[in-house]
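Summary of structural features
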Amino acid sequence: MDLSSRPARRGLRLAAVTSSAVLLSLAAGTLPAQATPATVTAAVAERQGRGLDREALRASLDALHQAGMYGTYSTVRDGSSRWRGAAGYADIDTKRPVRPGLQHRVGSITKTFTAVAVLQQVHEGRVDLDAPIGRYLPDLVPGERGRLITVRMLLNHTSGLGDHVLGAFPGLPEDPGKALDAGRFRHFEPEELVRLGLAAPSPVPRGTYAYSNTNYVIAGLLLREVTGQEPEEYITRNVIRKAGLRHTYFPRTPRLTGPHSRMYESMYGFIDPARDYSVYDMSWAGVAGSLVSTMDDLDSFYRQLLTGRILGPAELRAMKTTVPTYEAPPGQEVGMRYGLGLYTTKLSDGRWYWGHDGGVFGAGTWALSTEDGRRQIAIGINRMKYQRIGDDGYPQPHPIDEAMLRHVEGALADTPRAAAPAHTAEPAPAPALTALPTAAEPRPFTTPAPARR
């Protein structure tokens, strides 16, 4: 398929308006990855502990590399036990191997940190979740939208606002490599991103879930308004440091400051060979998606969050009050629900897990935890949009998808059964999601894919 075809351009346009491009395909029938020994692998097991099948974790991570992922690293925690592993290459030219503790751009996982910061201000009485955003930022979000969109709607993506990402990268559907190269060192102010988002078409009616990065850029400006600090500074002092995270930070330049992998973007085969975008000005994502972290730090963060060490009970309950991310077919259960910067998803074992995922150009991350905070997994990958777009305009199944799911589900196995998540009244029915879920991605394979538009 050439780039000028309608399905190809449609797929790229969908990719452009997701902060995270897809970690797992929604398409059914993904081919299983072959669990053959990896040619290059490093796995580190630091403590022996019950519940962690270290050989299976090592084999399934190797299988992910063998399925086509250039490099991947994973950390699994179960109580006081921990397993860390890595497989593949940090640099496909030099064959430098990946290591478990590499720094990584974690994309939309940033949103959990930003939502925590806003909820801290809710606790302090400076922000009301159900107040209109125009009360705080009347000049930024004027008119009807400022009066009707609440802070809660921004955090759970029911504002109806469009996404700024496509506007920030003009020409991306026509020539993605050229567009991404041109934006490598471009700096955006958050107000500019909001203007682009406000000008973008509204994907769904207000009150219906539709992921938009613009929501969280506005949330960052809300933090600046009520705290008098830049949002990155506030989150660093009051969320990251409070959680004791040593390798999590907002980058001040396009370069990461510590050891890291190259980050390869394929853009569904339209950037071939894949290009390294590990050096990139992340101001286009801001507090919606620019954070750098490690898999160890992410496990620690979600454990502390879900066990009540970061937020008080009322704020954590608000964070875990969810809306469906899509409209399920009649008689079927929605398999993913979004709260305030945190989602819950039902995997094939029938259990619900909490966390978030993220993707930027060349880097993807998925972090999940049991609700009781006992067991976590965080996994990073250094190649994005490795699938190809089919004639219908949707990404096609790839063995990487199944291999990643097998590793994640294996890491979370043998955990206590979780209760169904709390939720609000169902919002107005949303248009069927496409195969590019917009942020609450990845959606589980066990959830039937909604009918396509």
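In what follows, the accompanying structure is described. In this text the structure is predicted, and so the values were computed from the model without any measurement. (Residues numbered from 1 in each chain as written. Predicted model: local features only at pLDDT ≥ 70, side-chain atom pairs only at ≥ 80, totals over all residues. Heavy atoms only, no water.)

1. Some details on the packing of helix α3 (residues 110–123) against helix α11 (residues 295–306)
At a minimum axis distance of 12 Å, the contact between α3 and α11 shows a crossing angle of 35 degrees. Note on packing geometry: the crossing formed by α3 with α11 is left-handed. Contacts between α3 and α11 involve T112, F113 and V116 from the first element and L298, F301, Y302 and L305 from the second. Across the contact of α3 with α11, the residue classes tally to 6 nonpolar, 1 polar and no charged. (Axes fitted to C-alpha atoms, helices over the stretch in contact; angles between N-to-C directions. Helix = DSSP H or I, 4+ residues; strand = E, 2+ residues; numbered from the N terminus. Left-handed = near helix turned anticlockwise from the far one by under 90°. Contact = heavy atoms within 4.5 Å. Nonpolar A, V, L, I, M, F, W, Y, C, P; charged D, E, K, R; others polar.)

2. Topic: the pairing of strand β13 (residues 363–369)
Burial of β13 is extensive: 7 of the 7 residues sit out of reach of the surface. By the alternation rule, side chains of β13 split into A363, T365, A367 and S369 and G364, W366 and L368, which are all buried. Judged from the 7 bridges that link them, strand β12 (residues 352–360) and β13 form a sheet pairing that is antiparallel. In the sheet register, G358 faces β13, and the bridge partner there is T365. (Buried < 20%, exposed > 50% of the residue type's maximum accessible area, 1.4 Å probe, protein only. Pairing = 2+ DSSP bridges.)

3. Description of the packing of aromatic side chains
Within this structure, the stated rule accounts for 10 aromatic pairs. Each ring, one from F169 and one from F361, has its centre 5.3 Å from the other, and the planes form 85 degrees; the classification is edge-to-face. Of this pair, F169 sits in the loop between α6 (165–168) and α7 (176–182) while F361 sits in the loop between β12 and β13; the two residues are 192 residues apart in sequence, bridging distant segments of the chain. Residue F169 shares its accessibility class with F361, and that shared class is buried. In textbook terms, an aromatic cluster arises when at least three aromatic residues are bridged by ring pairs, as seen for F169, Y277, Y280, W284 and F361. Taking NZ or CZ as reference, K111 lies 5.8 Å from the ring centre of Y216, over its face. Stacked on the ring of W354, the Lys or Arg K320 has its end atom at 5.3 Å from the ring centre. (Phe/Tyr/Trp six-rings, centres within 6.5 Å; stacked < 30°, edge-to-face > 60°. Lys NZ or Arg CZ within 6 Å of the ring centre and 35° of its normal.)

4. Some words on the nonpolar core
As a rule of thumb, nonpolar side chains are buried together in soluble globular proteins. One finds F113, I133, W284, F301 and L305 to be the most contacted residues of the largest nonpolar core, which totals 117 residues. The residues contacting F113, other than those within four sequence positions of it, are I235, V239, I240, L245, T248, L291, L298 and F301. (Core = buried A, V, L, I, M, F, W, Y, C linked by side-chain atoms within 4.5 Å.)

5. Overview of the packing of α3 against helix α9 (residues 213–227)
Helix-helix packing is characterised by the crossing angle of the two axes and by the distance between the axes. One can describe the packing of α3 onto α9 by two numbers: an axis separation of 10 Å at closest approach and a directional angle of 35 degrees. Pair α3 / α9 crosses with left-handed handedness. Between α3, through K111, T114, A115, A117, V118 and Q121, and α9, the contact on the second element is made entirely by N213, Y216, A219, L222, L223, V226 and T227. Taken together, the residues of the contact of α3 with α9 break down into 8 nonpolar, 4 polar and 1 charged.

6. Focus: unusual backbone geometry
Omega for the peptide link from D272 to P273 comes to 5 degrees, which places this bond in the cis form. Summarising the element assignment, P273 is placed in the loop between β6 (264–265) and β7 (275–276). Even without a glycine there, the phi angle at M267 is positive, about 45 degrees. Of note, M267 is situated in the loop between β6 and β7. Although it is not a glycine, K385 sits at a positive phi angle of roughly 50 degrees. With a relative accessible area of 3%, K385 lands in the buried category.

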